[in-house]
Amino acid sequence: MPVSDFELVQAWRQVLTLCRLEAGQTVTLLTSLGSNEQTLRCAVLAVREKGAIANRLDLQPTNGALSFSRDPLAFVGTTPLTNNRAAVEMLKASDLVLDLMTLLFSAEQHEILAAGGRILLAVEPPEVLVRMTPTMEDRERVLAASKKLQAAKVMRVTSAAGTDASFALGDYPMLEEYGFVDAPGRWDHWPSGFLATWSNEGSAEGKIVLAPGDILLPQKSYVTAPITCHLEKGFVRAIEGGYEADHLRDYMESFNDPEVYAVSHIGWGMQDRAHWSVMGFYDREASIGMDPRACSGNFLWSTGPNNEAGGTRDTACHIDIPMRGCTVTLDDVPVVKDGRLVENA
């Protein structure tokens, strides 16, 4: 069901307050052909109400002829900012960038953040933004869990379906997503509410068994039969199962890049306002699937690039796989047990 402009402006007010936006600061709203007009319109109103300067930078889309999908995460790395110095410099000069287009995994995003810029990605439908408007409690929950993840040396994931995989930790930073950007050089995503990191190079070992109901993104499909991914030395070495395994394998092979099989970020969802069932109510082009990514108690792992964390892999293929019913342990201490967050973990 749609939300009113009034509701969305209220949500933007809260987000911009959490982002510590001040009067006189400059906000650039980055848009393209796929940007949501209601989200843009209400963001501008909320920025102006704060006494800040609102500029819009609208860029032509790219990758349309290369991607298999209209989902902005189906082909990453190259963006409308690639080789566009004038646009990059405008964003670097901004106090806050509201990304209504999707810059993820791009070198230009790294450059803007390194210059002290703040970037908030917001591309989900307006009603999803309103339902998962971030709070300070979201931040506190994610950061408290992050302290435990930072201290851990090994993450292990198991499930009744047969998953048993381990990942050495410590070489890469944390991905702390709580929905707003409150410090220079910070990137975040509204809506969100999950914690992740990247396993040490070559350390991912074991097998991950996707059970019926688990989700593939950007395919935005619920798995209907088991898919087994065999991990060895940090890469997915084999994908076994029926039609859906064949479909996944065919998609990854289409990029003709061995880095698509590398294990990328690993972590778990912490957002109790995100719901597993929501994705099934949306057209595949209407949402990028943040509900299953952030859903409380999931295990979220991915394949492909790690340049967001300072790594060298910049493959265009990035697959996120939220799973239900898993147990996640850090140095043998559970933080998720059978798909539910462990209290006081």
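These figures come from a predicted structure and were not determined experimentally.

Rules used in this analysis
Residues numbered from 1 in each chain as written. Predicted model: local features only at pLDDT ≥ 70, side-chain atom pairs only at ≥ 80, totals over all residues. Heavy atoms only, no water. Axes fitted to C-alpha atoms, helices over the stretch in contact; angles between N-to-C directions. Helix = DSSP H or I, 4+ residues; strand = E, 2+ residues; numbered from the N terminus. Left-handed = near helix turned anticlockwise from the far one by under 90°. Contact = heavy atoms within 4.5 Å. Nonpolar A, V, L, I, M, F, W, Y, C, P; charged D, E, K, R; others polar. Phe/Tyr/Trp six-rings, centres within 6.5 Å; stacked < 30°, edge-to-face > 60°. 1 Å grid on protein atoms, 1.4 Å probe; cavity = no way out; pocket = protein on both sides within 12 Å on 5 of 7 lines; lining within 4 Å. Points joined across faces, edges and corners; volume = space filled by probe spheres on them. Pairing = 2+ DSSP bridges. Buried < 20%, exposed > 50% of the residue type's maximum accessible area, 1.4 Å probe, protein only.

A.B. asks: Would you mind going over the packing of helix α3 (residues 85–92) against helix α4 (residues 107–114) with me for this structure?
C.D. replies: Relative orientation and spacing of two packed helices are given, respectively, by the angle between their axes and the distance between those axes. One can describe the packing of α3 onto α4 by two numbers: an axis separation of 9 Å at closest approach and a directional angle of 35 degrees. Crossing hand, α3 versus α4: right-handed. Contacts between α3 and α4 pair Arg-85, Val-88, Glu-89, Leu-91 and Lys-92 from the former with Glu-108, Glu-111 and Ile-112 from the latter. Tallied by class, the residues present in the contact of α3 with α4 amount to three nonpolar, no polar and five charged.

A.B. asks: Where do I start with the packing of aromatic side chains in this structure?
C.D. replies: For any pair of aromatic rings, the description rests on two quantities: the centre-to-centre distance and the angle between the ring planes. Using the criterion set out here, one finds four aromatic pairs in the structure. The interplanar angle of 85 degrees and the centroid separation of 4.8 Å between the aromatic rings of Trp-12 and Trp-190 together place this pair among those described as edge-to-face. Of the two residues, Trp-12 is situated in helix α1 (residues 5–18) and Trp-190 in the loop between β8 (187–189) and β9 (194–198); the sequence distance between them amounts to 178 residues. Between Tyr-178 and Phe-180 the ring centres are 4.8 Å apart and the planes differ by 65 degrees, which places this aromatic pair in the edge-to-face class.

A.B. asks: Could you clarify how one ought to interpret the layout of surface pockets in this entry?
C.D. replies: Gaps between atoms show up when a probe of the same size as a water molecule is rolled over them. Taken as a whole, the second largest pocket encloses approximately 450 Å³ of empty space. Lining the second largest pocket are 25 residues, and of these Leu-175, Glu-177, Trp-187, Trp-198 and Glu-308 sit closest to its centre. Counting residues per element, the ones that place at least two in the lining of the second largest pocket are α4, β7 (174–177), β8, β9 and α8 (290–294). A per-element tally of the lining of the second largest pocket places β7 first, with four residues.

A.B. asks: Looking at this structure, how should I read the sheet that holds strand β14 (residues 235–241)?
C.D. replies: Backbone-to-backbone hydrogen bonds pair the strands of a sheet. The strands run either parallel or antiparallel. Strands sit in the order β14-β13-β10-β6-β5-β18-β19-β20 across an open sheet of eight strands; the sheet is antiparallel. With one partner strand each, in any of the chains shown, β14 and β20 (340–341) form the two edges of the open sheet. Of the pairings in the sheet, the one linking strand β13 (residues 227–232) to β14 comprises six bridges and is antiparallel in character. Each bridged residue has a counterpart across the sheet, and for Leu-231 the counterpart in β14 is Val-236.

A.B. asks: Sorry if this is basic, but what is going on with the environment of Leu-129 here?
C.D. replies: In this fold, Leu-129 is placed in helix α5 (residues 126–131). In this structure Leu-129 comes out as buried when scored by relative accessible area, which is 0%. In sequence terms Leu-129 and Leu-8 are 121 residues apart; their C-alpha atoms lie 7.8 Å from each other.

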